[in-house]
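Fold and geometry: a report
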Amino acid sequence: MHFIELDGVALRYELSGGGDRAVVLVHEMGGSLESWNEVVPHLALSRRVLRYDTRGAGMSQKARGELTFSTMAADIAALLDALGIVGKVALAGVAVGGAIALQFAAQYPERASAVIVGSPATGIAAARRPAALERLAKIEAQGMASVVEDAMLNGYAPELRGDGKCFEQFRARWLGNDPSSYATIWRMLANADMQEALSKVRCPALVIGGSLDRVRAPAIAQELAQTIPGARYIEVNTGHYMAVQTPDLVAGCIVEFLKSANA
C-alpha cells in the first residue's frame, strides 16, 4: 500500500497488475480499497488495477465540512496524473463508489473508456432524506456501532453470509470508520443531484442490480440505468456490498463487459 498527498488531501492507494490498459476501482461508502481484495486478481492478469481509499474513508485523510461528487472525481484525476497513467481508463464502482465513477466519466469524458457500477448511489429520494439525515446525526453522536445491525441486515443479506469469516471481517472493518467522515460522505449523497451528470456519460456503461440488495433494490438501479445514454442493465444474485459478497461474480461482470466494449 502507498500514500500520496494531492491538492491538500492524503490518499492511500494500491497499483497492481500490468498491461497497456488500466481500470480504477472505487469502493462503497463505509468501505476501503480492501473491498476489492478478491476482485483484483481477476483483473490484474491483463491490466493495471488502481484502487484507493476515497477521501474521508479507510486510511485516507478524514473529511470534514462539505464534499461533492465533483471533488471525489477530481481526486481520481489527480491520482492518475500523479501516477503517470495516461489515456483512457475503465472504472468500476459500488454504491457511492459507483456514483463517483459515473461522475468521473461525465466530468472527464476524454479519460473514461467504460464504466461499470453496482447499485450506484447517486442521491437520496426526497421522501427518504429526513430519515437519512436523522440517521447520520445518530452516527455522529453515538458512533458506527449505533447503526451497524441495521446496516448489515440491509446491506449484507443473511443469504450471503455463507463465508462467516468474510462477513465478520467486513463488519469489523465497517465499524472502524470515522463517524464524522462517514457522516460527511453521507451528507454529500443526501445533497447530491446527479441527473445532469448522468446524461453526460458517453462511454459504454453497465449498471448492475443486486437481487438481494435491500439498501438499493434492483428496480432503483434499473431506473437509474435508463437515465444513462446507451447503458446496459443486468441483475445478479448479490447484495449491496457486492464486491465483498460475491467477488467472482462481480469480477466476471467487469471482465465480460470490458471485453465486449473493447475498453
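Refer to the preceding data block for the structure.
So, here's what we can say about the structure. Because the structure is predicted, anything quoted here is derived from the model rather than measured. (Residues numbered from 1 in each chain as written. Predicted model: local features only at pLDDT ≥ 70, side-chain atom pairs only at ≥ 80, totals over all residues. Heavy atoms only, no water.)

**As for the pattern of salt bridges**
Going through the model one piece at a time under the given rule, you end up with 11 salt bridges. Residue Arg171 pairs with Glu149 through a salt bridge whose shortest N-O separation is 2.8 Å. Of this pair, Arg171 sits in helix 6 (residues 164-175) while Glu149 is found in helix 5 (residues 148-155), placing the two residues 22 residues apart along the sequence. What makes Glu149 exposed here is its relative accessible area of 53%. (Salt bridge = Lys/Arg side-chain N within 4 Å of Asp/Glu carboxyl O. Helix = DSSP H or I, 4+ residues; strand = E, 2+ residues; numbered from the N terminus. Buried < 20%, exposed > 50% of the residue type's maximum accessible area, 1.4 Å probe, protein only.)

**What about unusual backbone geometry?**
Negative phi characterises most residues that are not glycine, and trans characterises most peptide bonds. Notably, Ala95 is not glycine yet its phi reads approximately 55°, a positive angle. Residue position: Ala95 is located in the loop between strand 5 (89-94) and helix 3 (96-107).

**Remarks on the pairing of strand 1 (residues 2-6)**
Across five bridges, the pairing between strand 1 and strand 2 (residues 9-17) is antiparallel. Residue pairing across strands places Glu5 opposite Ala10, the latter belonging to strand 2. In textbook terms, the turn of a hairpin is the stretch between consecutive antiparallel strands, and for strand 1 and strand 2 this stretch comprises two residues, one of which, Asp7, has a positive phi near 50°. (Pairing = 2+ DSSP bridges.)

**What to know about the packing of aromatic side chains**
Evaluation of the coordinates by the stated rule reveals six aromatic pairs. Aromatic side chains Tyr156 and Phe167 sit 4.9 Å apart centroid to centroid with 70° between the ring planes, which places their arrangement in the edge-to-face category. Remark: Phe167 occurs in helix 6 and Tyr156 occurs in the loop between helix 5 and helix 6; sequence separation between them is 11 residues. The burial state of Tyr156 is the same as that of Phe167; both residues are buried. One aromatic cluster is present, formed by Tyr156, Phe167, Phe170 and Tyr241 through successive ring pairs. (Phe/Tyr/Trp six-rings, centres within 6.5 Å; stacked < 30°, edge-to-face > 60°.)

**Describing the nonpolar core**
One finds Phe104 and Trp174 to be the most contacted residues of the largest nonpolar core, which totals 73 residues. Setting aside anything within four residues of it in sequence, one finds Trp174 in contact with Met29, Gly30, Met144, Val147, Val148, Ala151, Met152, Tyr182 and Tyr241. Val23, Leu25, Ala251 and Phe257 belong to the second largest nonpolar core, which has 26 residues in total. (Core = buried A, V, L, I, M, F, W, Y, C linked by side-chain atoms within 4.5 Å. Contact = heavy atoms within 4.5 Å.)

**What about the environment of Leu189?**
Residue placement: Leu189 occurs in helix 7 (residues 179-190). Along the primary structure Leu189 and Ala121 are separated by 68 residues, whereas in three dimensions their C-alpha atoms are 7.5 Å apart. Setting aside residues no more than four positions away along its own chain, Leu189 makes contact with Phe69, Val96, Ala121, Thr122, Gly123, Ile124 and Arg216.

**A word on the side chain of His240**
In this structure, His240 sits in the loop between strand 8 (232-236) and helix 10 (242-245). The buried category is assigned to His240, whose relative accessible area is 7%. Within the local environment of His240, its side chain forms a polar contact with the side chain of Asp213, the two groups lying 2.9 Å apart. Those residues in contact with His240 that sit more than four places away from it in its chain are Val94, Ala95, Ser119, Gly155, Asp213, Val215, Arg216 and Gln245. (Polar contact = N/O pair within 3.5 Å; in protein donor to acceptor, adjacent residues only side chain to side chain.)

**So, helix 7**
Taking 1.5 Å as the rise per residue, helix 7 with 12 residues should run 16 Å; its terminal C-alpha atoms sit 16 Å apart, in good agreement. Within helix 7, nine of the 12 residues are buried, which leaves the element mostly enclosed by the surrounding structure. Structurally, helix 7 contributes buried residues whose contacts are with helix 2 (69-82), helix 3, helix 4 (129-142) and helix 6. (Expected span 1.5 Å × (residues − 1).)

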